[in-house]
Amino acid sequence: MKKLCIFLTLAFSLSLFAEENIRFSGNVETLWGAGLPWTDRDTARGRMTLGETSFTGKIDSYFGNSSALVEGSAKYDSIEDSEDFSLSECWMDYTADFWGMRIGRQKTAWGKADGIDITNVICPKDLSSLAVMTTNEKLAIDAIRFSVNGNQFTADAYWIPFFTPAKLSDAKFEKPESKLSNGEGGLKLSGYFSVLDFSFYGFYGWDDMPFLDYTMSSEGVNVTGEYKRMAMLGIDAAVPIKETVLRMEAAFFPKRHFQKSSGIIIEEKMLSSETVDSSLERNELFALAGLDWMKESWTVTAQYYCDYVFGELENLEREKALQHGATLSVSKKLLSDTLELSFSGVLGLNDFDSFIKPAVTYSLSDQINLSGGAYIFIPGPDRDGQYGSYKDLSTGYVRCKFSF
């Protein structure tokens, strides 16, 4: 609570003394949700699943070729009865005629996919709550970005000295030691033309999800986690055709680590006195094709994605070499753009499970909007699948947001 009070006091003071080259903005938001009627009667139906109130403040400063940004948020979760203060971004930037540099805590997004991560591996995932999981929220990284800008080409090089793992709800594992040799690096090369936009990507760093290790003891099974190195080479392209944009994206991960099953790890440790690894290396190819159609007040996005792992899957948690699916997003604006109806969803084509998000948003004013909708997880006909395993988290929600 003390951190929250300090943050709110600082934000209010800066808003009072802001000059033309200093801008303060932000929002106050509250989100409530409860289990839908068809979820399990004993554990989920009618149970409050979302109860979050948050304040986000952002300060932008501009002085000639230099700029700086600070963004932070304070949240209170009524479900967990917990408070959280986080510094989302904090960076300084200098831009000259053909080059620029940004230093500090920053967010960036790679690729042209909508809601599916293909080449977008540079910023880790936030999996700490249902609210952020359903929005594909990403965390910032501490990095130096050096950019070169031309008329039709740009290049961005990243050095990330401190590893930031994915944020998990109830588990923390030891990170790699903070030293120069454990840093991460990324490179993005982009070209922009009237008939085609494209980008090439390269990344060498750490997989942001830990690999679990299991050890038997007199008290049961002990679980520890370890982060392992990962490399990625990627490409994307977008081709505009009147109201339609065609998109493609692909990423290749050479010798990426994949989790061994818990039973195999324990069995190998019982049969051998040597060190047992919790993962095996396999090559992986991840690709996507999609289209966007925009006309007047309509927006439609459709995508197909596939994820293929080369080699044997025996002893791995992963059961199928090919995992694929499709996404669809449709939105329509009405009443002079004050009312928006939207529907988005993803269908897993292995188990035919799905996750859908219908929503209605109405703007009471330029500052206040109300929205309501649902996060619905539907299991497949034969097995739950990736999305169906969350079926008891299906939630109806209401949201109110004030922006300034």
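Here's a quick rundown of the structure. (Residues numbered from 1 in each chain as written. Predicted model: local features only at pLDDT ≥ 70, side-chain atom pairs only at ≥ 80, totals over all residues. Heavy atoms only, no water.)

## Here we look at the pairing of strand 13 (residues 220-226)
- Note: strand 12 (residues 211-217) against strand 13, seven bridges, orientation antiparallel. Bridge pairing in strand 13 places L212 opposite G225.
- Linking two consecutive strands that pair antiparallel, namely strand 12 and strand 13, is a turn of two residues. (Pairing = 2+ DSSP bridges. Helix = DSSP H or I, 4+ residues; strand = E, 2+ residues; numbered from the N terminus.)

## Digging into unusual backbone geometry
- A positive phi angle is found at E296, which is not glycine, with a value near 55°.
- Tracing the sequence through the fold places E296 in the loop between strand 16 (279-295) and strand 17 (298-309).
- Using a relative accessible area of 80% as the deciding quantity, one classes E296 as exposed.
- Backbone geometry at N315 places phi at a positive 80°, although glycine is not the residue there.
- Tracing the sequence through the fold places N315 in the loop between strand 17 and strand 18 (322-334).
- Note on N315: relative accessible area 30%, which makes it partly exposed. (Buried < 20%, exposed > 50% of the residue type's maximum accessible area, 1.4 Å probe, protein only.)

## What to know about helix 3 (residues 262-271)
- For helix 3, the full list of buried residues reads I264, I265 and I266.
- The inward-facing, buried residues of helix 3 contact strand 12, strand 13 and strand 15 (244-259). (Contact = heavy atoms within 4.5 Å.)

## As for the packing of aromatic side chains
- Overall, the coordinates contain 17 aromatic pairs when judged by the stated rule.
- Centre to centre, the rings of F355 and Y375 are 6.5 Å apart; their planes meet at 50°, and the pair counts as tilted. You can see F355 sitting in strand 20 (residues 354-363) and its partner Y375 sitting in strand 21 (residues 368-378), a full 20 residues away along the chain. The same class applies to F355 and to Y375, which are both buried.
- Aromatic ring contacts, followed pair by pair, group F355, Y375, F377, Y390 and Y397 into a single cluster.
- Stacked on the ring of W91, the Lys or Arg R102 has its end atom at 3.7 Å from the ring centre.
- Positioned above the aromatic ring of F253 is the side chain of R256, whose terminal nitrogen or guanidinium carbon lies 4.4 Å from the ring centre. (Phe/Tyr/Trp six-rings, centres within 6.5 Å; stacked < 30°, edge-to-face > 60°. Lys NZ or Arg CZ within 6 Å of the ring centre and 35° of its normal.)

## Section: the nonpolar core
- Ranked by internal contacts, the top residues of the largest apolar core, which has 30 residues, are L50, W110, I122, F203, M232, F253 and Y305.
- With residues near it in sequence (within four places) discarded, M232 still touches W110, T119, V121, Y201, G202, F203, A251, F252 and F253. (Core = buried A, V, L, I, M, F, W, Y, C linked by side-chain atoms within 4.5 Å.)

## A word on the pattern of salt bridges
- By the definition in use, this model includes 19 salt bridges.
- Residue E137 is joined to K107 by a salt bridge in which the shortest nitrogen-to-oxygen separation is 3.5 Å. Taken together, the residues E137 in the loop between helix 2 (130-133) and strand 7 (141-149) and K107 in the loop between strand 5 (99-106) and strand 6 (126-127) connect sequence positions 30 residues apart.
- Under the relative-accessibility criterion, E137 is labelled partly exposed at 31%.
- You can call K107 partly exposed: its relative accessible area is 33%.
- In this structure, the salt-bridge partner of D384 is K391, at a minimum N-O distance of 2.9 Å.
- Residue D384 is classed as partly exposed on the basis of its relative accessible area of 31%.
- Judged by its relative accessible area of 31%, K391 falls in the partly exposed class. (Salt bridge = Lys/Arg side-chain N within 4 Å of Asp/Glu carboxyl O.)

## So, the pairing of strand 19 (residues 339-348)
- Pairing of strand 18 with strand 19, which is carried by 10 bridges, proceeds in the antiparallel orientation. Within strand 19, the residue paired with K333 across the bridge is E340.
- Hairpin connection from strand 18 to strand 19: four residues lie between these consecutive antiparallel strands, with L335 at a positive phi of about 50°.
- Of the strand pairs in this sheet, strand 19 and strand 20 are connected by nine bridges, and their pairing is antiparallel.

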